[in-house]
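Below are the chains, spelled out letter by letter.
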Amino acid sequence: MLGRIRREAEKITINNSGIQGVQSISTQYESVARPLDNLGITEIQYAPQGAQTASLQLNTLLTNTLPSGGAGYTPLDLMQNFTGDIPFSGIIDYGTEKLYFTQAYLETYSVSCSIGEIPRSSTTSVIFGDLGTGLFDSWALASEVPAGLNVTSYSSMEVNLDEFSTNRMTSFSVDIATPRVPIYTLGLGAPTEVIAGTPIEVNVNFSLDIDDYEIKNMRFVPEQTVFRDTTITLKKNNSDVELLRYSFDNMLLTSESFQAGVDSNAAINFNLRSFILR
Amino acid sequence: MAQVFYDKTAVQVEYDGVSETLLATNCTINYNNNLQPVYVLGNKGSLGHVPAGPRVGDISFDFLTTITGETHGYPGNIINYLASGIKHSIGSSGSGVLVKCAGISGWGFLNSYGFNAQSNAVSTSNASFGFFGGFDDPAGFTLPLSGRITGSDAEVGSTTAAVATGVAHGRYTTLASLYTTITAPDAAEEIGKLFAADYSISFAHNPIYMLGQETPLLTLYTSATESINAIEDVYNSGLSYTGNATDYPLILESVDLNALSNMRVTMISGVQVGASLSVGLDDIVRTQKTITAAY
């Protein structure tokens, strides 16, 4: 009998912590088997060419958070913990099946929000270990997530840039890229080590409906650009309880754009960028 | 008009009743006649061109390191068999082997042979032969090169797809004999991780020419030099002044570990002659050691 699997039968568990607020999960690999070609070829043969990896993308609404300080984590968003040098493993449940993966490293972490939305995080990770339905390691049972709802909201966030006192912010995004350098040796398929590369690039993008915002003279950038300290604080909906804080020092203004149209308000987008050395 | 596509240009090597088609990825054949212009006093132009040496040729090709072949009971590809035989031979006289590609063939003497291994990649090899001609066996084979471009079907293979189990691969090849171990200046032992290695051997030969004929009477192998470069993450700053001769057995494994076949090369009394270190952006410090041996 043909069946289908809906969202109620799908979940992802990372390092024995269930992830909630998940909007989408995707994972994929491409075999590195390549055909061998040679002069006088009479047979197509395949051999692995290059390291076998997979990728994982995860999009979640920031509706549930880890207990503050729990399990040694500092940030309240679980995935944000993996911008460092530690890998993670996990299980994706779909129906009665389980998809396991090991030795995954976060490559990009983004959090974004627009008016009317619940803030969401998006991550992409590269899997250097294994991926599949086999059991690769000793696994503890996936724990149920005990955390109650801690919904962040666009209506209860704080952003510390001066422009926002007279210009209305309509959306923001924080994008963190964490480079990874896998080290492969002879005789092994998986890397012996994955180095957390440096620097980490951070981009913060804002969109504003403007009133008196002044675009910089492009020839003054970057010499006369003021480096900004940027802090975005996400709070629990309709409360003053702080859930997540993104704070970056000395961000450089790298781009500004202006849009006007007959059906819309005048708007500005600008980007701030900084690099963090590990 | 010969227009032959690459699928009909297998590189084949024959020796002592054994013929092997190599999984070559390219092949180059050169042929030269050493003509020089002759100038004399009293004449502005040259009197013409005259031979200043014999006609010689050479062939070189890269190929995938096949290791599941067998030549006279010696596992591996035929080039490795030839190199090993020459390297360890007691006598100097060489007989040469028949080398063919795209309808051109010659009686070749192995000039050089090498292979590499790197992580998660198929191993590739290279070989070059010199053509001098002058042999009576097979009969009439006196010129360095002969033939015209023609296509030919390889003598191995089928049309079915398969995983290449007979090709050496860095995923399963450790080359553990090349690991550098350092214990000084403190007692804490440090063993290097090997990222890649390449091996090469070159042969010097001496064709003996006699008056009255163009092609050599015989060709002698005189010496061989062998070299290994290994890429690691350990730097041996305690390089020995006098050298420390060591045997280095190299074992190349294929994708199929159940095949119970591998190819072996052993460098005899190799000495490390160099250690270098390099680092670039977004990478770790990598070292390279060079080991050589002579025969």
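How each quantity is defined
- Residues numbered from 1 in each chain as written.
- Chains lettered and ligands numbered in written order.
- Predicted model: local features only at pLDDT ≥ 70, side-chain atom pairs only at ≥ 80, totals over all residues.
- Helix = DSSP H or I, 4+ residues; strand = E, 2+ residues; numbered from the N terminus.
- Buried ≥ 20, exposed ≤ 12 C-beta atoms within 10 Å, placed from the backbone.
- Contact = placed C-beta atoms within 7 Å.
- pLDDT = per-residue confidence, 0-100.
- Nonpolar A, V, L, I, M, F, W, Y, C, P; charged D, E, K, R; others polar.
- Core = buried A, V, L, I, M, F, W, Y, C linked by C-beta atoms within 7 Å.
- Pairing = 2+ DSSP bridges.

1. Section: the overall build of chain A
Here is step 1 of the chain: Secondary structure summary: chain A contains 0 helices and 18 strands in total.
Here is step 2 of the chain: Residues classed as buried in chain A amount to 26% of the 278 residues present.
Here is step 3 of the chain: A separation of at least 24 residues holds for 70% of the contacts in chain A among residues at least 6 apart in sequence.

2. Section: the overall build of chain B
Here is step 1 of the chain: The number of helices and strands found in chain B is 1 helix and 21 strands.
Here is step 2 of the chain: The C-alpha extent of chain B, read off along each of the three principal axes, is 75 × 60 × 45 Å.
Here is step 3 of the chain: The proportion of buried residues among the 295 residues of chain B is 37%.

3. Comments concerning the confidence of the model for chain A
All names here are of chain A.
Here is step 1 of the chain: Of the residues in chain A, 85% reach a pLDDT of 70 or more, and the chain-wide mean stands at 84.
Here is step 2 of the chain: Per-element averaging of pLDDT across chain A places strand E11 (residues 152-159) at the bottom with 72 and strand E3 (residues 22-29) at the top with 96.
Here is step 3 of the chain: Predicted confidence is poor over residues 67-73, with pLDDT under 50, and the contacts of this stretch with residues over four places away or in other chains come to 5 contacts.

4. Regarding the interface of chain A and chain B
Here is step 1 of the chain: Every contact between the two is made by 26 residues of chain A and, on the other side, 43 residues of chain B.
Here is step 2 of the chain: Listing elements by their share of the side of chain A that touches chain B, those giving two or more residues are strand E5 (45-48) and strand E13 (180-183) of chain A.
Here is step 3 of the chain: Here the side of chain A that touches chain B takes 4 residues from E5(A), the largest share from any one element.
Here is step 4 of the chain: Residue composition of the side of chain A that touches chain B, by class: 13 nonpolar, 11 polar and 2 charged.

5. With respect to the environment of A:Thr192
Here is step 1 of the chain: The topology assignment puts A:Thr192 in the loop between E13 and strand E14 (193-196).
Here is step 2 of the chain: A count of 14 C-beta atoms within 10 Å places A:Thr192 in the partly exposed class.
Here is step 3 of the chain: For the pair A:Thr192 and A:Pro182, spaced 10 residues apart in sequence, the C-alpha separation works out to 7.7 Å.
Here is step 4 of the chain: Setting aside chain neighbours within four positions, we find A:Thr192 in contact with A:Ile183, A:Thr185 and B:Lys193.

6. With respect to unusual backbone geometry
Residues and elements named next belong to chain A.
Here is step 1 of the chain: Looking along the chain, the bond that leaves threonine 198 and enters proline 199 is cis, with omega of -5°.
Here is step 2 of the chain: Relative to the helices and strands, proline 199 resides in the loop between E14 and strand E15 (200-209).
Here is step 3 of the chain: Unlike most non-glycine residues, glutamine 103 shows phi in positive territory, near 50°.
Here is step 4 of the chain: With respect to the helices, strands and loops of the structure, glutamine 103 is situated in strand E8 (residues 97-114).
Here is step 5 of the chain: In this structure, asparagine 250 takes a positive phi of about 55° despite not being glycine.
Here is step 6 of the chain: With respect to the element layout, asparagine 250 can be found in strand E17 (residues 242-261).

7. Some thoughts on the nonpolar core
Here is step 1 of the chain: In terms of nonpolar packing, the biggest core is built from 63 residues, with B:Val11, B:Ala24, B:Leu110, B:Ala197 and B:Ile228 touching the most fellow members.
Here is step 2 of the chain: It is strand E11 (residues 104-118) of chain B that contributes the most residues to this core, 7 residues altogether.
Here is step 3 of the chain: Of all hydrophobic cores here, the second largest spans 34 residues; its members include A:Phe82, A:Tyr109, A:Phe172 and A:Leu243.

8. Quick notes on the environment of B:Leu98
Residue and element names in this part refer to chain B.
Here is step 1 of the chain: Examined against the element boundaries, leucine 98 turns out to sit in strand E10 (residues 97-101).
Here is step 2 of the chain: Sequence-wise, leucine 98 and serine 19 are 79 residues apart; in three dimensions their C-alpha atoms are separated by 9.1 Å.
Here is step 3 of the chain: In this structure, leucine 98 is in contact with Glu14, Ser105 and Trp107, ignoring residues within four places of it in sequence.

9. Topic: the confidence of the model for chain B
Here is step 1 of the chain: Model confidence for chain B is summarised by a mean pLDDT of 88, while 91% of its residues fall at 70 or above.
Here is step 2 of the chain: Complex prediction metrics read pTM 0.85 and ipTM 0.83.

10. Re the environment of A:Arg245
Residue and element names in this part refer to chain A.
Here is step 1 of the chain: As for its position among the elements, arginine 245 is in strand E17.
Here is step 2 of the chain: Note: C-alpha distance between arginine 245 and phenylalanine 206 (39 residues apart in sequence) is 16 Å.
Here is step 3 of the chain: The contact partners of arginine 245, leaving out residues within four places of it in the chain, are Thr231 and Thr233.

11. Observations regarding the pairing of strand E12 (residues 168-177) of chain A
Here is step 1 of the chain: Relative to E12(A), E8(A) is paired through 7 bridges, and the arrangement is antiparallel. Counted as the bridge partner of A:Tyr109 is A:Ile176 from E12(A).

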